[in-house]
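The residues making up each chain are set out below.
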Amino acid sequence: MDENFQEELFTGVIKFTPPLYKQRYQFIKDLVGKYKPKKVADLGCADCTLLWMLKFCSCIEVLAGVDICASVMKEKMHRLSPLPGDYLQPAERSLTVTLHHGSVAHKDPCMLGFDLVTCIELIEHLEQSELKKFPDVVFGFMSPSIVVISTPNSEFNPLLPGVMLFRHPDHKFEWNRAQFQSWALETARHYDYSVEFTGVGHPPTGMENVGFCTQIGVFVRKYPQASESAQSEKPTKAAYKTVFKAVYPSLKDEKYLQNAVVSEVIFAAQIMKQSVLHRVMSKHEEYNDDPTERKSRFQPSMNCFSEDLGKLVVEKSMEPFINGNVVYVPLKTIFSFPKVNRLCDTFEKLCKLIAGKVTLSSDGSAVIFNTEHENEEN
């Protein structure tokens, strides 16, 4: 839940650097960096700030957010949409981001299969009836590998100016460390999880006995997920309403992969063409009384040469060559370029992806360029 505004009120006496909410989000980012989950769900995602931060983590392929307040999600959800640069340079991984309107006390099959579920400053907003259902929904139904729950530590409250009872008017309760740990340990025991306790927001020097401002429990499932037969018994009726979905362009999509490969092939072929024309030009200059005239007609730019060219070990049979006005650049040479090789994996896949998209020789073994018109323009 979003409590950034309320936390700003605390800075008169205690200043958290970075701000407390950023420390919570950084804790999650560090956890993602450690465990490399592919599917992450944020329950009580509010303004989607954590989801926005996590979309830049290269290991994540699925992000989902759930909140009871649709208007708060809709206010900032545009930040989760792909940018023009995402289409110009698609990532190698796939990424789908979805937001759902609903209560964390309800089960929905769209929330199955997640590796990591985060509940940041959420449980203290739940009514007792919702809190009672919460463990069964998250640990029993969703059953992710890791669950992170953060909640205010009430022992820290006396250090916060202006806090009379709870830190936020919507809080239904705030636990001290013993209360939170008792609840967490019982939940972990019941659903076969282990749990470790930590937190963010260090107390002032001399007040260490109050603990962290935000207490955190990290739950790790002890055993593999239930069998497929058990999974099939779980509810299939939707309880949430999807309010946003974005599918990012990815090189795993053949359409975007083909565009990227064709672009790299043309770029690599142009580099090799410039190389062979430069060699030919240099040989002619050796026998030309007035090389200035030829240079003015034919001066390839050397600035566009890629570093990849210097790394290639090209066999004689793979070298580009000129026949009349046509430059031939063997596909096997182009396949040697590191980026082309990485994108295609196999030479056969390269041939398949560029078929009909690049001008090839009659036997399909080389990219060809006709230099006649180029010479006329020069």
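Residues numbered from 1 in each chain as written. Predicted model: local features only at pLDDT ≥ 70, side-chain atom pairs only at ≥ 80, totals over all residues. Heavy atoms only, no water.

Participant: I'd like a description of the side chain of Thr 118, backed by residues and values.
Facilitator: Its location among the elements puts Thr 118 in strand E4 (residues 116–120). Of the polar contacts made by the side chain of Thr 118, one reaches the side chain of Asp 42; its length is 2.7 Å. Excluding residues within four positions of it along the chain, Thr 118 makes contact with Ile 28, Ala 41, Asp 42, Leu 43, Leu 50 and Val 148. (Helix = DSSP H or I, 4+ residues; strand = E, 2+ residues; numbered from the N terminus. Polar contact = N/O pair within 3.5 Å; in protein donor to acceptor, adjacent residues only side chain to side chain. Contact = heavy atoms within 4.5 Å.)

Participant: Explain unusual backbone geometry residue by residue, including any values.
Facilitator: The peptide bond linking Thr 17 to Pro 18 adopts the cis configuration, its omega dihedral lying at -5°. A positive phi angle, close to 50°, is found at Ser 143, a residue other than glycine. With respect to the helices, strands and loops of the structure, Ser 143 is situated in the loop between helix H6 (128–142) and strand E5 (146–152). For Ser 143, a relative accessible area of 10% corresponds to the buried category. Backbone geometry at Asp 345 places phi at a positive 75°, although glycine is not the residue there. Take Asp 345: it is sitting in the loop between helix H13 (338–344) and helix H14 (347–354). (Buried < 20%, exposed > 50% of the residue type's maximum accessible area, 1.4 Å probe, protein only.)

Participant: Kindly report on the pattern of salt bridges, identifying the contributing residues and their values.
Facilitator: Taken as a whole and judged by the stated rule, the model has eight salt bridges. The partner of Arg 177 in a salt bridge is Glu 155, with the nearest N and O atoms 2.8 Å apart. Of this pair, Arg 177 sits in helix H7 (residues 177–190) while Glu 155 sits in the loop between E5 and H7; the two residues are 22 residues apart in sequence, bridging distant segments of the chain. Owing to a relative accessible area of 28%, Glu 155 belongs among the partly exposed residues under this scheme. A salt bridge links Lys 339 to Glu 264, with the nearest nitrogen and oxygen atoms 3.4 Å apart. Taken as a pair, Lys 339 in helix H13 and Glu 264 in helix H9 (residues 254–287) lie far apart in primary sequence, 75 residues in all. You can call Glu 264 buried: its relative accessible area is 18%. (Salt bridge = Lys/Arg side-chain N within 4 Å of Asp/Glu carboxyl O.)

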